[in-house]
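Tertiary structure, described
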Amino acid sequence: IFRSTNSPLNSLGIVDEAIIIRSHGVPKSIYDELAEKGLNYIDATCPYVKKIQNIVAEQDQDTGVLIAGDCTHPEVIGIIGHCSTAYFSFKSLDELQNLENSIVKMQKNQWVLVAQTTFNANEWKKCVEIAKKLCTNPKIFDTICKATLTRQTEAAALAAESDVMIVIGGKHSSNTRKLGDC
């Protein structure tokens, strides 16, 4: 909860409060609950994440959604929470290939493919090629954050010319893990 201490209302003893939605975003049900309860919120969802949420929310029932990302990560949980149709999430090329029978059984007219903003760029390229084989003419949205892509590319180049490379970051951070994978 955010409490504004600089508000003119503070001189009257009134404190402005708002819930802050972090950059990873949240499922649509959270926005609905906030509105239902009349709670103020500040939406700090990353614009790249918001774009993915909008893409999946706009799909109709004849379209399936494939989400490249870790389904336990808050960003992917939020994306899934905006899906208005059937979806599958996968965190690797192998997991995508294992979905082949499920994708065929869904008999969707169209599929869209999106990625968690911090998904490994090299793995994404492989997944795109497999998705083209598993689905008929999928709509592919390259939703990996450009800053993430740049960091991954630079980390791979640095690692290629170094004997040892140490990535320092949060042990639960998707960005840190993806840089370590480079």
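See the structure shown above.
Computed from a predicted structure; not experimentally measured.

Let's talk about the pairing of strand 6 (residues 110-115)
- Most of strand 6 sits out of view: 6 of its 6 residues are buried.
- Taking every second residue as pointing to the same face, both faces of strand 6 are buried, with Gln110, Val112 and Val114 on one and Trp111, Leu113 and Ala115 on the other.
- Here strand 4 (residues 63-68) runs beside strand 6; their pairing, made up of 6 bridges, is parallel. Residue pairing in the sheet places Leu66 in a bridge with Leu113 of strand 6.
- Assessed by its sense of winding, the connection that carries the chain from strand 6 through helix 6 (residues 121-134) to strand 7 (residues 139-140) is right-handed.

Comments concerning the packing of aromatic side chains
- Summed over the entire model, instances satisfying the criterion amount to 2 aromatic pairs.
- Between Tyr31 and Tyr41, the ring centres sit 5.7 Å apart and the planes meet at 70°, which makes this aromatic pair edge-to-face. Of the two residues, Tyr31 is situated in helix 1 (residues 28-37) and Tyr41 in strand 3 (residues 41-43); the sequence distance between them amounts to 10 residues.
- With a relative accessible area of 36%, Tyr41 lands in the partly exposed category.
- Consider the rings of Phe88 and Trp111, whose centres lie 6.1 Å apart with planes at 25°: the pair is stacked. Of the two residues, Phe88 sits in strand 5 (residues 87-90) while Trp111 sits in strand 6, which places them 23 residues apart along the sequence.
- Assessed through its relative accessible area of 17%, Phe88 is described here as buried.
- When its relative accessible area of 4% is taken as the criterion, Trp111 is described as buried.

The rules behind the values
Residues numbered from 1 in each chain as written. Predicted model: local features only at pLDDT ≥ 70, side-chain atom pairs only at ≥ 80, totals over all residues. Heavy atoms only, no water. Buried < 20%, exposed > 50% of the residue type's maximum accessible area, 1.4 Å probe, protein only. Helix = DSSP H or I, 4+ residues; strand = E, 2+ residues; numbered from the N terminus. Pairing = 2+ DSSP bridges. Right-handed = clockwise from strand over helix to strand, strands pointing away. Phe/Tyr/Trp six-rings, centres within 6.5 Å; stacked < 30°, edge-to-face > 60°.

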